[in-house]
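Chain residues, written in single-letter form:
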Amino acid sequence: MDILQIVGLGLITTFLVLVLKEQKPAFAFLLTVFVGALIFIFLIGQISSVLDMLKKLAVSAGLNLIYVETILKIIGIAYIAEFGVQITKDAGQGSLASKIELAGKILILVLAIPIMTAIIKTVIGLIPQ
């Protein structure tokens, strides 16, 4: 699915949601969630090809795959958290959206600790004694 199809689907859904929101707000919200998830599912193939390419680049550069995988997990958490935040904001739940955002940030921080530790050890190793 290319960008024109995604934008077209988004615009059609937006129009339908605006029409349905007046009479059936719950159905309009469900339509929004469904189409958002559908777009995400269509992009999974593209995402996996990018991940494969990044892993191949890391292997050819001699990087430790543990760090690359951790960075990719961090990126995944950021995207998934943002998706959840936008859905909950669309539902009018700004308070819950901020909690999802906080949870995403904390999980990212937890995953980043080993990378930060490795960087600090490397910098300390470069400093002359």
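Remember, predicted model here, so these are calculated numbers, not experimental data.

Caption draft 1: Local environment of the nonpolar core. Core analysis: the largest hydrophobic core is formed by six residues, namely I6, V17, A28, L31, V35 and I39. When residues of this core are traced back to their parent elements, those giving at least two are α1 (3-23) and α2 (25-61). Counting residues per element, this core draws most heavily on α2, which supplies four residues. Setting aside its immediate chain neighbours within four residues, L31 contacts T13, L16, V17 and L20.

Caption draft 2: Structural context of the side chain of T70. Residue placement: T70 occurs in helix α3 (residues 65-90). Look past the residues within four positions of T70 in its chain and what remains in contact with it is L111 and I115.

Caption draft 3: How the structure looks around the packing of α1 against α2. Running from N to C, α1 and α2 point in directions that differ by 165°, and their axes come no closer than 7 Å. By the angle between their axes, α1 is roughly antiparallel relative to α2. Once α1 is placed against α2, the crossing between them reads as left-handed. Every residue of α2 that contacts α1 at I6, L9, T13, L16, V17, L20, K21 and Q23 is listed here: P25, F27, A28, L31, T32, V35, L38, I39 and L43. Here the residues of the contact of α1 with α2 sort into 13 nonpolar, three polar and one charged.

Definitions and cut-offs
Residues numbered from 1 in each chain as written. Predicted model: local features only at pLDDT ≥ 70, side-chain atom pairs only at ≥ 80, totals over all residues. Heavy atoms only, no water. Core = buried A, V, L, I, M, F, W, Y, C linked by side-chain atoms within 4.5 Å. Buried < 20%, exposed > 50% of the residue type's maximum accessible area, 1.4 Å probe, protein only. Helix = DSSP H or I, 4+ residues; strand = E, 2+ residues; numbered from the N terminus. Contact = heavy atoms within 4.5 Å. Axes fitted to C-alpha atoms, helices over the stretch in contact; angles between N-to-C directions. Parallel < 35°, antiparallel > 145°, perpendicular 65-115°, else oblique. Left-handed = near helix turned anticlockwise from the far one by under 90°. Nonpolar A, V, L, I, M, F, W, Y, C, P; charged D, E, K, R; others polar.

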